[in-house]
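# Coordinate inspection notes
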Amino acid sequence: YTEIEFSIPRRKVTTESVSFRVSETNNKVGIINITGFDMTTPTQFKNAVDTLKDTYKCEYFVFDVRNNPGGSLASIQAVLSYFLEENDLIISTEYADGTTESLYATPLKYVAEYSGYDVEKEEIGMYKDLDCIVITNESTASAAELFTATLRDYGIAKVVGQTTFGKGCMQTLIPLSSYGLEGGLKLTVAMYYSASKTVYHGIGIEPEYKIDLSDEAKKINFFLLPEDKDAQLQKALEVLTK
């Protein structure tokens, strides 16, 4: 490694959870990489799809959620609302006492600090007719698995890659300060079910087209992996455009 000295100005930083590009193999395909689901994701995702459609005239879309560890349930509700009909079920949450809660595709209006999650009524289902496919791997987890499962449950997208991590449960952090102790206790309190009642916790989501990267490709930094060495992406392009 080479040591480089530089200065960084102190300022507010907006994280980038979504990046996008036009495929080098087929200029009709837009590739959208989602590295996590946080409060920046819905707005960045919408900008990515619209830019690829309107500016670059892409007709097909690859949603790459490899190495995506998940994130906020509110974020995934907002993103999936772009694909579903109003009041379509996104997820059911079942607690230990048998009570359940459900999230649906619906207009969303959050308080100011969470405005990145807002979804207008006219935005519900605006991407439901996209020709798209999802790429996963063994490090696709939690909310990224819900994203994958929901698009497949509603027949919107097929899945290429490797079986996902298998985290379909909710944790909560209980502070120990009331007991005079430092730290907290993290407990699993509920299980997630996709719209088709699929349980993927401890199992993962198995792609319709299961394919691994070559040994050579695995030695390359994932984010620097050339398109022509990415067997999973190449398979996604083949399935999507055939």
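That block above? That's the structure.
This report concerns the structure included in the present document. (Residues numbered from 1 in each chain as written. Predicted model: local features only at pLDDT ≥ 70, side-chain atom pairs only at ≥ 80, totals over all residues. Heavy atoms only, no water.)

Each helix and strand counted, the chain has five helices and ten strands in total. For the chain, the spread of C-alpha atoms along the three principal axes comes to 60 × 50 × 35 Å. Expressed as a percentage of its 242 residues, the buried residues of the chain come to 44%. Pairs at least 24 residues apart make up 70% of the contacts formed inside the chain by residues separated by at least 6 positions. Summed over all atoms, the accessible surface of the chain reaches about 13,300 Å², with 50% contributed by carbon and sulfur. Taken together, the 23 basic and 35 acidic charged side chains of the chain have centroids lying 2 Å from each other. (Helix = DSSP H or I, 4+ residues; strand = E, 2+ residues; numbered from the N terminus. Buried < 20%, exposed > 50% of the residue type's maximum accessible area, 1.4 Å probe, protein only. Contact = heavy atoms within 4.5 Å. Areas by Shrake-Rupley, 256 points an atom, 1.4 Å probe, with all protein chains shown as cover. Lys, Arg positive; Asp, Glu negative; His and termini not counted. Charge placed at Lys NZ, Arg CZ, Asp CG, Glu CD.)

Let's shift gears to the side chain of S92. Residue position: S92 is located in strand 4 (residues 89-95). Under the relative-accessibility criterion, S92 is labelled buried at 7%. Here the side chain of S92 touches S102 through a polar contact of 3.5 Å, side chain to side chain. Residues contacting S92, with those up to four places away along its chain left out, are E101, S102, M191, Y192, Y193 and K197. (Polar contact = N/O pair within 3.5 Å; in protein donor to acceptor, adjacent residues only side chain to side chain.)

Quick look at the packing of helix 1 (residues 41-54) against helix 2 (residues 73-81) now. Two numbers describe how helix 1 lies on helix 2: the axes approach to 9 Å, and their chain directions differ by 25°. Judged on the interaxial angle alone, helix 2 and helix 1 are roughly parallel. Crossing of helix 1 against helix 2: the hand is right-handed. Contact with helix 1, carried on its side by T41, P42 and F45, involves S75, A78 and V79 of helix 2 and no other residues of that element. (Axes fitted to C-alpha atoms, helices over the stretch in contact; angles between N-to-C directions. Parallel < 35°, antiparallel > 145°, perpendicular 65-115°, else oblique. Left-handed = near helix turned anticlockwise from the far one by under 90°.)

A few words on the environment of E24. If you trace the backbone, E24 turns up in the loop between strand 1 (18-22) and strand 2 (29-34). A relative accessible area of 64% places E24 in the exposed class. Sequence spacing of E24 and E227 is 203 residues, and the spatial spacing of their C-alpha atoms is 7.2 Å.

This part covers the sheet that holds strand 4. Ordered by their spatial adjacency, four strands build an open sheet running 5-4-9-8, and the pairing between neighbours is antiparallel. At either margin of the open sheet sits one strand with a lone partner, and together these are strand 5 (100-104) and strand 8 (169-175). Pairwise comparison of adjacent strand axes, ignoring direction, gives a mean angle of 30° for this sheet. One ladder, built from five bridges, connects strand 4 with strand 5; its direction is antiparallel. Within strand 5, the position partnered with L89 by the bridge is Y104. (Pairing = 2+ DSSP bridges.)

So, on to the packing of aromatic side chains. In this structure the tally under the stated criterion is ten aromatic pairs. Residues F63 and F83 carry aromatic rings whose centres are separated by 5.7 Å and whose planes lie at 80° to one another, so their mutual orientation is edge-to-face. With F63 in strand 3 (residues 60-64) and F83 in the loop between helix 2 and strand 4, this residue pair connects regions lying 20 residues apart in the sequence. The burial state of F63 is the same as that of F83; both residues are buried. Relative to F223, the ring of F222 lies with its centre 5.2 Å away and its plane at 80°, an arrangement referred to as edge-to-face. (Phe/Tyr/Trp six-rings, centres within 6.5 Å; stacked < 30°, edge-to-face > 60°.)

On the surface, a cluster of nonpolar side chains totalling about 410 Å² of accessible area is made up of I4, F6 and I8. Among the secondary structure elements, I4 is positioned in the segment before strand 1. For I4, a relative accessible area of 62% corresponds to the exposed category. (Patch = residues over 30% accessible without salt bridge, like charges linked within 9 Å, V, L, I, M, F, W, Y side chains within 5 Å. Salt bridge = Lys/Arg side-chain N within 4 Å of Asp/Glu carboxyl O.)

Another point: the sheet that holds strand 3. Read from one edge to the other, the open sheet built from six strands follows the order 1-2-3-6-7-10, with strand pairing classed as mixed. Lying at the two open borders of the sheet, with one neighbouring strand each, are strand 1 and strand 10 (209-210). Where strand 2 meets strand 3, five bridges bridge the pair, whose relative direction is parallel. In the sheet register, I32 faces strand 3, and the bridge partner there is F63.

Moving on to helix 3 (residues 143-153). In terms of residue burial, helix 3 counts as a mostly covered element, since nine of its eleven residues are buried. Within the span of helix 3, buried status applies to A143, A144, E145, L146, F147, T148, A149, T150 and L151. Directly after helix 3, the chain includes G155, whose backbone phi takes a positive value near 70°.

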